Amino acid sequence: MSYLSTSPTSVTDSAAPNPFSPTAKSTTKVFLVRHGRTTYNDQGRYQGSSDHSVLTDQGHQDAVATGLALQKFDFDAIYTSPLTRVQQTVQSMVSTWEQANLAPILIEPKLTEVSMTDWQGLTYKAVKAKFPEADRCWQETPHLFSRDSISFPVIDLFQAAEQFWQSVLERHRGQTILIVAHGGTNRALISTAIGIAPKHYHSLQQSNCGISCLEFANGDRRQVELSYLNVTNHLQERLPKLKAGKTGWRWLFISDSVTENILDRSHLPALMEQNLINLVVTDHSQASESIASKLLHHNQRTIHLAVAQSGFLETWQRRIFNQQKLNSASESACLTTGLIIASDKLLHDILAKTLGVNATLNTLKHLSIVHYPHASCQSILQGITPLESEFIPSLI
């Protein structure tokens, strides 16, 4: 299958019965975890498919925390990359589980990280200085990146992900499985599942030990929901760390249908009190204005902007992209964090446009986070995480 052009996955008809409801007995649930922090992560080096990087002490601690976060799930199988950093992560994770009921751990070569050839082991700074054109290609058009004009690592990675889904989904229909692999591998798996093209390879974030979840109704690739993406609450991170640096716009999105109880139990009031949200944008509806009022009570200095519903998406996107252009050359560019409160449909449209795909995303009772870095046309979906602060109860 060629991935130079990929069609989006069609979204399930909203009028039809929800295939992801608790009564859907044959739903296949797939959890994905990226390995813990490594020595190469600390040193700012490209890891790729090399096997010279190992977990740091922090990496082991985070893997244990991830194991504790997932210990109440009954996994039918655990699939892992063969590389050392992943094997170490798995061992630290399962050390917290009841060994007698441990699911089989299956090493799968198709889950190996993307190959970065001669860049592996080099620092990001060294690559940028020594191979500026290739580095620009990798950052801006990853699907066209090649070091030998023969193999295209991202295309190869997407094809391996496609082959993995073809062999695994049918085998585990109606079951729950865990995949422990790499940032690139997990992005390719999620992308091929929901229809994101390889050119948007950098648009999904996978933090060290971040947890994501895909649900396939009836084990059908055409009926898939991205339920969670890059959840890091269990690592004591209120928001995922910024992969592309602390510049540009970081937008948080919540539905205007969120109840007051969930809002109070979420970590949004704390973010407001700590002055981590600079402005709140609403779509002028009564529901969104009511939620904004409750949140602004925690920090009355926060700016509140209301945009008419009819032109909300176009107006908001245009202002953001114009602001990116204005600040792209600024060395003193800073990060601005905003919160958007709008209808589920509008949030879905924004996220779908961000990813260039029309897929089923879970925005209800969740906080979606998108980063628009300065000097970059590529937006990054950092996470779709439960609004309530306790991660595990909200997954059940």
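What counts, and at which threshold
- Residues numbered from 1 in each chain as written.
- Predicted model: local features only at pLDDT ≥ 70, side-chain atom pairs only at ≥ 80, totals over all residues.
- Heavy atoms only, no water.
- Axes fitted to C-alpha atoms, helices over the stretch in contact; angles between N-to-C directions.
- Helix = DSSP H or I, 4+ residues; strand = E, 2+ residues; numbered from the N terminus.
- Parallel < 35°, antiparallel > 145°, perpendicular 65-115°, else oblique.
- Left-handed = near helix turned anticlockwise from the far one by under 90°.
- Contact = heavy atoms within 4.5 Å.
- Buried < 20%, exposed > 50% of the residue type's maximum accessible area, 1.4 Å probe, protein only.
- Pairing = 2+ DSSP bridges.
- Phe/Tyr/Trp six-rings, centres within 6.5 Å; stacked < 30°, edge-to-face > 60°.
- Polar contact = N/O pair within 3.5 Å; in protein donor to acceptor, adjacent residues only side chain to side chain.
- pLDDT = per-residue confidence, 0-100.
- Salt bridge = Lys/Arg side-chain N within 4 Å of Asp/Glu carboxyl O.
- Expected span 1.5 Å × (residues − 1).
- Arc of directions from axis to C-beta.
- Core = buried A, V, L, I, M, F, W, Y, C linked by side-chain atoms within 4.5 Å.

### Overview of the packing of helix α2 (residues 57-70) against helix α3 (residues 84-94)
A packed helix pair is summarised by two numbers, namely the angle formed by the two axes and the spacing between the axes. One can describe the packing of α2 onto α3 by two numbers: an axis separation of 7 Å at closest approach and a directional angle of 50 degrees. One way to sum up the angle between α2 and α3 is to call them oblique. For the element pair α2 and α3, the recorded crossing hand is right-handed. Mapping the contact onto sequence places H60, A63, V64, T66, G67 and L70 in α2 and Q88, T89, S92 and M93 in α3.

### Thoughts on the pairing of strand β12 (residues 366-372)
Of all 7 residues in β12, 7 are buried, a share of seventy percent or more. What you see with β12 is no split at all: H366, S368, V370 and Y372 on one side and L367, I369 and H371 on the other are buried throughout. Here 5 bridges tie strand β7 (residues 248-255) to β12, and the two strands are oriented antiparallel to one another. Bridge pairing in β12 places W251 opposite V370. Both β12 and strand β13 (residues 380-386) contribute to a ladder of 6 bridges, which runs antiparallel. The partner of H366 across the bridge, within β13, is P386.

### With respect to the packing of aromatic side chains
Tallied over the full model, the rule gives 15 aromatic pairs. Taking 6.4 Å as the distance between ring centres and 55 degrees as the angle between the ring planes, the aromatic pair formed by F158 and Y201 counts as tilted. Here Y201 lies in the loop between α7 (183-194) and β5 (211-216) and F158 lies in helix α6 (residues 153-171), a separation of 43 residues in the sequence. Summarising the burial analysis for this pair, F158 and Y201 share the class buried.

### A short note on the side chain of E113
The residue E113 is located in the loop between β3 (105-107) and α4 (124-130) in this model. A polar contact of 3.1 Å, which involves the side chain of E113, links it to the backbone nitrogen of G184. One polar contact links the side chain of E113 to the main-chain amide nitrogen of T185, over a distance of 3.1 Å. With near-sequence residues (within four places) excluded, E113 lies in contact with G48, S49, L83, R85, L157, H182, G183, G184 and T185.

### Structural notes on the confidence of the model for the protein chain
A low pLDDT score tells you not to read the predicted coordinates there in detail. On average, residues of the protein chain score 86 in pLDDT, and 85% of them reach the 70 mark or higher. Between residues 1-17, whose pLDDT stays under 50, and residues either more than four places distant or in other chains, the model counts 34 contacts. Contacts of residues 392-396 to residues separated by more than four positions or lying in other chains number 12 contacts, the stretch itself having pLDDT below 50.

### Here we look at the pattern of salt bridges
Applying the stated criterion across every chain yields a total of 8 salt bridges. A salt bridge links K110 to E108, with the nearest nitrogen and oxygen atoms 4.0 Å apart. The partner of R221 in a salt bridge is E162, with the nearest N and O atoms 2.8 Å apart. Of the two residues, R221 sits in the loop between β5 and β6 (224-231) while E162 sits in helix α6, which places them 59 residues apart along the sequence. Classification of R221 as partly exposed rests on a relative accessible area of 22%.

### A few points about α2
If you check α2, its first and last C-alpha atoms are 20 Å apart, about what 14 residues at 1.5 Å a residue would give, namely 20 Å. Regarding α2, the residues found buried are G59, D62, A63, T66, G67, A69 and L70. Buried residues along α2 cover an arc of 160 degrees about the axis, so they all sit on one side. Across α2 from its buried face, at more than 90 degrees, point the exposed residues D57 and Q61.

### Some points on the nonpolar core
Counting 58 residues, the largest nonpolar core has W119, W165, I179, I194 and L214 as the members making the most contacts within it. Tallying contributions element by element places α6 first for this core, with 8 residues. Those residues in contact with W165, other than ones at most four positions away along the chain, are V30, I179, L189, T192, A193, L214, F216 and R221.

### Focus: unusual backbone geometry
Positive phi, close to 65 degrees, is recorded for S149, a residue that is not glycine. Note on placement: S149 falls in the loop between α5 (132-140) and α6. Positive phi is not limited to glycine here, since K365 has a value of about 60 degrees. One can find K365 in the loop between β11 (360-361) and β12. Look at K365 and you get partly exposed, because its relative accessible area is 46%.

### Some remarks on the packing of α6 against α7
At a closest axis distance of 9 Å, the pairing of α6 and α7 adopts a crossing angle of 65 degrees. Of the two elements, α6 crosses α7, and the hand of that crossing is right-handed. On α7, the residues that touch L157, F158, A161, E162, F164 and W165 of α6 are G184, T185, A188, L189, S191, T192 and A193.

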